[in-house]
Amino acid sequence: MLKDRFLNAKRKLFDKVYDHLNDKQREAVYTVNGPLLILAGAGSGKTTVLVNRIGYMIRYGNAYNSERVPSFVTEQDVIELENALTLPKAEAEALLDRYSEDRVKAWSILSITFTNKAANEMKSRLEKKVGEEAGAIWAGTFHSICVKILRRYGDRVGYGAGFTIYDTDDQKKLMLSVIKDMGADEKMFAPKTVLNFVSRAKDKLMTPDDVQSEAKDFREQKMAQFYKEYQRRLVSGNALDFDDIIMQTVRLLNEDAEAREYCQNKFRYVCVDEYQDTNRAQFVLTSIISEKHGNLMVVGDDDQSIYRFRGADIDNILNFDREIADTRVIKLEQNYRSTKAILDAANAIIKNNANRHGKSLWTDKEGGSAVSLRRLDTQNDESKYIVDKILELKRTEGRSLSDFAVLYRLNSLSNSLESAFSRSGVPYRVLGGLRFTDRKEVKDVLAYLCLINNPSDNVRLMRIINEPKRKIGDSTVNAVYELAGRENESMFSIMRNAHLYPSLSKAANKLKEFTELILGLREIAAVEALDVLIDKVLDLTGYRAMLKAQDEQEGKSRLENAEELISNAVEFINTHEDSSLSAFLEEMALVADIDNYDPDAEAVVLMTVHSAKGLEFPVVFLPALEEGVFPSSQSLYDEAELEEERRLAYVAVTRAKDRLFITHTRERLLYGKTSYNKLSKFVSEIPESMLDIEKGAERGANPMRERIGLGAFSQRPQAQISSEFTKRSPFGASAYAAKTSVPKETFSVGDTVKHPVFGTGVITGATSVGPDVLYEIAFDSVGTKKMMGNYAKIKRVQ
DNA sequence: AGTCAGTCTCCTTCA
DNA sequence: GAGACTGACT
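Residues numbered from 1 in each chain as written. Chains lettered and ligands numbered in written order. Predicted model: local features only at pLDDT ≥ 70, side-chain atom pairs only at ≥ 80, totals over all residues. Heavy atoms only, no water.

1. Let's talk about the overall build of chain A
Looking only at helices and strands, one finds 32 helices and 22 strands in chain A. Burial analysis of chain A (798 residues in total) assigns 54% to the buried set. Counting contacts in chain A only where the partners sit at least 6 residues apart, residues at least 24 apart contribute 73% of the total. By element, 49% of the accessible surface of chain A is carried by carbon and sulfur atoms, the whole surface being about 35500 Å². (Helix = DSSP H or I, 4+ residues; strand = E, 2+ residues; numbered from the N terminus. Buried < 20%, exposed > 50% of the residue type's maximum accessible area, 1.4 Å probe, protein only. Contact = heavy atoms within 4.5 Å. Areas by Shrake-Rupley, 256 points an atom, 1.4 Å probe, with all protein chains shown as cover.)

Below you can see the structure in the form of structure tokens.
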């Protein structure tokens, strides 16, 4: 009796303390023990749940679900609890402190995210919620956490504590030398392709031997060999690439009992965010760490899994509850971000995917403006339409420029938008593009620092040995490289003794000079602070002088970038206990960009849909929703790829809070080719009743209409058809054929056609050539042919 | 060693 | 169509 009353009152009071959350969110917060999968739809308050859950664990342990009644509890206490419902929240919270159970120690929590940005956001929100104790939580990215573990135990799997991390650029250089040294043609095997192959293998924890034994053909055999040699060189240089950071940590935890037990004992509670983005290696990693205590919580949204191309395995989230026994699954489907009109459109799109858990977002808000669809003639018209619309909404709805975002599938689509914005003088920012640490000058200076830190780093040495020019040409570098390989020494040590090698005699002095420069800087590094060191590097290597000598604009901004590194160093010294050179280099290797996206800056923001994931904007424009662009042409004939594109479309639509504008164009210049694309199938998946098709907008080829014999533009008033259709319509505008200068039926990418000789095929390209169209047609039996529309005897196949 | 013209490629991205 | 890259030339 008393027990029931107590438990009841306690739980009621908890529900009051967390009454800013909905039922599902609260259920997630209270579920502390055991495996937990939270399927969090877009805008469903995922981060709030994560933060509140950790706060709850630390403050109350498992109090809500506990069935225990503490022995001290009297009827008085129960009455106090029952009456506490009217208390202010802070007092109710304090009262519940008395009934906390198995409180979780902050240091036993491991919280993993994908990006530094997310990790930092998590840290600062935890600090607000939990206070000082939050500092003890291990919150970081997969990579930063694994590096921490490897710095401690890496020697058990052959990595000295001072290991270096290779970025994509370093990897490319290393792989190129592997391919060349193994006598293969780098045109047949592009380093990028081989690296991608290696990266996918490492994502799945496959060693070179695993890959070798599974190789399907000669090509894969060969790439497995490159992988093997590439890996050998990484290890001998005490270096890891990004994928190694995860894979070698898994290997360490599998092979070394002490390291495994350390992690398993320490991290009693493991939380993983953005779980739909994890790859196999990351799945295994989190499984091992949480194996002992079984408290693994993962949060994600299978409908927002958009990183297949970089190894993310959607099966991790789809099968989590099947792979891990007794998993509790909680779906967060209430959306607090978008209007009903926008959510309905998003649901209409995503429900066409077969491979998903199945969620449907809802909101208790009613209405909202319908999603707008507009068709324009060219991409310049499209850009102008967007700019004009923004100015119009700014005027009529009093919106700020920071309310608007333009999200596109391809970076190259930003060009025409950018010129429209700058022509009209509307402030805008393009996100993405070249990152700070990707700039050549920044990489060069970092390469100097790496070499100072670790002189046996051949890849970095080759990067800067002749930068600025020291008259050490390729032939000399190659000679050093070969000697180093033969003598099994680093290039640096060969160069120090250059005079001993006859083949280097001519360059010996210059090589020696270079090593002395680096050794001198090493001495400076030992006594001076980081910022001073970088300044000296710029001076003593002649790098600063080189940039100053360059033509004004370019050199000046590049020098600014290089010097920005000094500010980074100062910042680093101020915020880190260990401000050694190696600690700084590690930070620079792991931290992508200083995140400078300021959501309040008074400017329209332009970015890819991928980079917009996790963000939200009051008004969103989605240009180029066309077949072949979005969905991209590479995905048109592959169901899994197409589902991925559909998820991307879902992400795009769910970024919008109030208004969504979709546009497409009659013709588009892409990769130097004019293409005529149909409206994206994703837009066709939205019921017409949900769309506000603006005057002049059309739905494109609708299979239903074609079947019943209506042209795609049959509803279009005749008067408006004039000019833009005197050319040709991408939609097979047979109804207007007589009006156009091209008397023949026209086709667009994706159409199936029949040729009297070659049989059936699919249009893969359509380029306007004077008054005619040059089609590229992939025939089923004879491969791809190019033919002119006016002369080719091709017919549409239904 | 540096310059220039011709060639090739081209999606999305984080650590 | 732009940018990266290559190879030949000075």
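2. Structural notes on the protein's contact with DNA strand C
Around DNA strand C, the structure places Lys187, Leu669, Tyr671 and Gly672. For DNA strand C, the backbone makes up 25% of the atoms found within 4 Å of the protein, where backbone means sugar plus phosphate. (Near = heavy atom within 4 Å.)

3. Here we look at the side chain of Asp77
One can find Asp77 in helix 4 (residues 75–83). Residue classification places Asp77 among the buried residues on the basis of a relative accessible area of 10%. Leave out the neighbours within four places in its chain, and Asp77 touches Phe72, Arg98 and Tyr99.

4. As for the environment of Phe747
Mapped onto the elements of the fold, Phe747 is located in the loop between helix 32 (703–707) and strand 18 (752–755). Owing to a relative accessible area of 3%, Phe747 belongs among the buried residues under this scheme.

5. Focus: empty space enclosed by the protein
Inspection of every chain in the model, using the stated rule, returns four cavities of 30 Å³ or more. Of the volumes computed, that of the second largest cavity is approximately 40 Å³. In terms of lining, the second largest cavity is formed by Ile349, Leu622, Leu625, Phe630, Ala649, Ala652, Val653, Ile662, Phe682, Val683 and Ile686. Among the elements of the structure, helix 30 (639–653) and helix 31 (681–684) are those that each provide at least two residues to the lining of the second largest cavity. At three residues, the largest contribution of residues to the lining of the second largest cavity is made by helix 30. The residue makeup of the lining of the second largest cavity, split by class, is eleven nonpolar, no polar and no charged. (1 Å grid on protein atoms, 1.4 Å probe; cavity = no way out; pocket = protein on both sides within 12 Å on 5 of 7 lines; lining within 4 Å. Points joined across faces, edges and corners; volume = space filled by probe spheres on them. Nonpolar A, V, L, I, M, F, W, Y, C, P; charged D, E, K, R; others polar.)

6. What to know about the nonpolar core
Counting 53 residues, the largest nonpolar core has Leu449, Leu461, Ile465, Leu504, Leu511, Phe514 and Phe584 as the members making the most contacts within it. Non-local contacts of Phe514, meaning those with residues more than four positions away in its chain, are made with Tyr448, Leu451, Leu461, Ile464, Ile465, Arg470 and Met495. Membership of the second largest hydrophobic core comes to 48 residues, among which are Leu13, Val17, Ala106 and Ile330. (Core = buried A, V, L, I, M, F, W, Y, C linked by side-chain atoms within 4.5 Å.)

7. Thoughts on the pattern of salt bridges
Within the structure shown, the criterion is met by 65 salt bridges. Glu274 serves as the salt-bridge partner of Lys613, at 3.5 Å between the closest nitrogen and oxygen. Separated by 339 residues along the polypeptide, Lys613 in the loop between helix 29 (609–612) and strand 13 (617–622) and Glu274 in the loop between strand 6 (269–272) and helix 14 (280–290) bring together distant segments of the chain. Using a relative accessible area of 15% as the deciding quantity, one classes Lys613 as buried. In this structure Glu274 comes out as buried when scored by relative accessible area, which is 19%. Measuring nitrogen to oxygen at the nearest pair gives 2.8 Å for the salt bridge that ties Glu644 to Arg647. Of the two residues, Glu644 and Arg647 are both situated in helix 30; the distance of three residues between them amounts to about one turn of the helix. Accessibility classification places Glu644 together with Arg647 in one group, the buried group. The structure contains a network of salt bridges with shared partners spanning Asp167, Asp169, Lys173, Lys440, Lys443, Asp444, Arg463, Glu467 and Lys469. (Salt bridge = Lys/Arg side-chain N within 4 Å of Asp/Glu carboxyl O.)

8. Details of the pairing of strand 13
Regular strands have side chains that alternate between both faces of the sheet. With six of six residues buried, strand 13 is to be regarded as a mostly interior element. Across three bridges, strand 10 (residues 404–408) lies against strand 13 in parallel orientation. Bridged to Val406 within strand 13 is Phe621. As paired strands, strand 13 and strand 14 (residues 656–665) are joined by five bridges and run parallel to one another. (Pairing = 2+ DSSP bridges.)

9. Describing helix 5 (residues 89–97)
Every buried residue of helix 5 is accounted for by Ala92, Leu95 and Leu96. Seen along its axis, helix 5 keeps its buried residues to an arc of 100°; they face one direction. Taken together, the buried residues of helix 5 touch helix 1 (2–17), helix 3 (46–60) and helix 4. (Arc of directions from axis to C-beta.)

10. Quick word on the pairing of strand 14
Here strand 14 lies mainly inside the structure; eight of its ten residues are buried. Taken together, strand 13, helix 30 and strand 14 form a β-α-β motif whose crossover is right-handed. (Right-handed = clockwise from strand over helix to strand, strands pointing away.)

11. Things to note about the sheet that holds strand 7 (residues 296–300)
The six strands are arranged 3-2-6-7-1-8 in an open sheet whose pairing can be described as parallel. The open sheet has two edge strands with one neighbour each: strand 3 (138–141) and strand 8 (328–332). Mean inter-strand twist for the sheet, computed between neighbouring axes without regard to direction, equals 15°. The sheet contact formed by strand 1 (residues 36–40) and strand 8 spans five bridges and is parallel. Pairing of Leu36 across the sheet is with Arg328, part of strand 8. Along the sheet, helix 7 (residues 142–153) makes contact with strand 2 (109–113), strand 3 and strand 6, crossing strand 3 at roughly 115°. (Axes fitted to C-alpha atoms, helices over the stretch in contact; angles between N-to-C directions.)

12. Side note on the sheet that holds strand 10
Within a sheet, neighbouring strands are paired by backbone hydrogen bonds and run either parallel or antiparallel to one another. With parallel pairing, the seven strands of this open sheet are ordered in space as 11-12-10-13-14-9-17. Of all the strands in the sheet, the pair left with one neighbour each is strand 11 (428–430) and strand 17 (691–693). On average, each strand axis in the sheet is inclined to that of its neighbour by 25°, with strand direction left out of account. Along the sheet, helix 18 (residues 379–396) makes contact with strand 9 (371–376), strand 10, strand 12 (604–608), strand 13 and strand 14, crossing strand 14 at roughly 155°.

13. Quick notes on the packing of helix 20 (residues 440–453) against helix 28 (residues 581–590)
Two elements in contact, helix 20 and helix 28, have axes separated by 10 Å at closest approach and are oriented at 140°. The orientation of helix 20 relative to helix 28 falls into the category oblique. Judged by the sense of rotation from one axis to the other, the crossing of helix 20 with helix 28 is left-handed. Of helix 28, the residues touching helix 20 (which contributes Leu446, Leu449, Cys450, Ile452 and Asn453) are Leu581, Ser582, Phe584, Leu585 and Met588. (Parallel < 35°, antiparallel > 145°, perpendicular 65-115°, else oblique. Left-handed = near helix turned anticlockwise from the far one by under 90°.)

14. Observations concerning the packing of aromatic side chains
This model, assessed by the stated rule, comprises 22 aromatic pairs. Relative to Tyr30, the ring of Phe14 lies with its centre 6.2 Å away and its plane at 70°, an arrangement referred to as edge-to-face. In this pair, Phe14 sits in helix 1 while Tyr30 sits in helix 2 (residues 23–30), placing the two residues 16 residues apart along the sequence. Judged on exposure class, the residue Phe14 and its partner Tyr30 are both buried. Between Phe421 and Tyr428 the ring centres are 5.6 Å apart and the planes differ by 35°, which places this aromatic pair in the tilted class. Among the aromatic residues, those joined into a cluster by ring pairs are Phe14, Tyr18, Tyr30, Tyr56, Tyr60 and Tyr64. (Phe/Tyr/Trp six-rings, centres within 6.5 Å; stacked < 30°, edge-to-face > 60°.)

15. Observations regarding the environment of Arg460
With respect to the element layout, Arg460 can be found in helix 21 (residues 458–464). The exposure class of Arg460 is buried, given its relative accessible area of 8%. For the pair formed by Arg460 and Lys173, sequence separation is 287 residues and the distance between their alpha carbons is 9.5 Å. Dropping the residues within four chain positions of it, Arg460 is found in contact with Thr164, Ile165, Tyr166, Asp170, Ala447 and Cys450.

16. Description of the packing of helix 2 against helix 3
Put simply, helix 2 and helix 3 touch, their axes get as near as 8 Å, and they point 40° apart. Taken together, helix 2 and helix 3 sit at an angle that is classed as oblique. Crossing angle aside, the handedness with which helix 2 passes helix 3 is right-handed. The segment helix 2 lies against helix 3, with Gln25, Ala28, Val29 and Tyr30 engaging Val49, Asn52, Arg53 and Tyr56. When its residues are assigned to classes, the contact of helix 2 with helix 3 shows five nonpolar, two polar and one charged.

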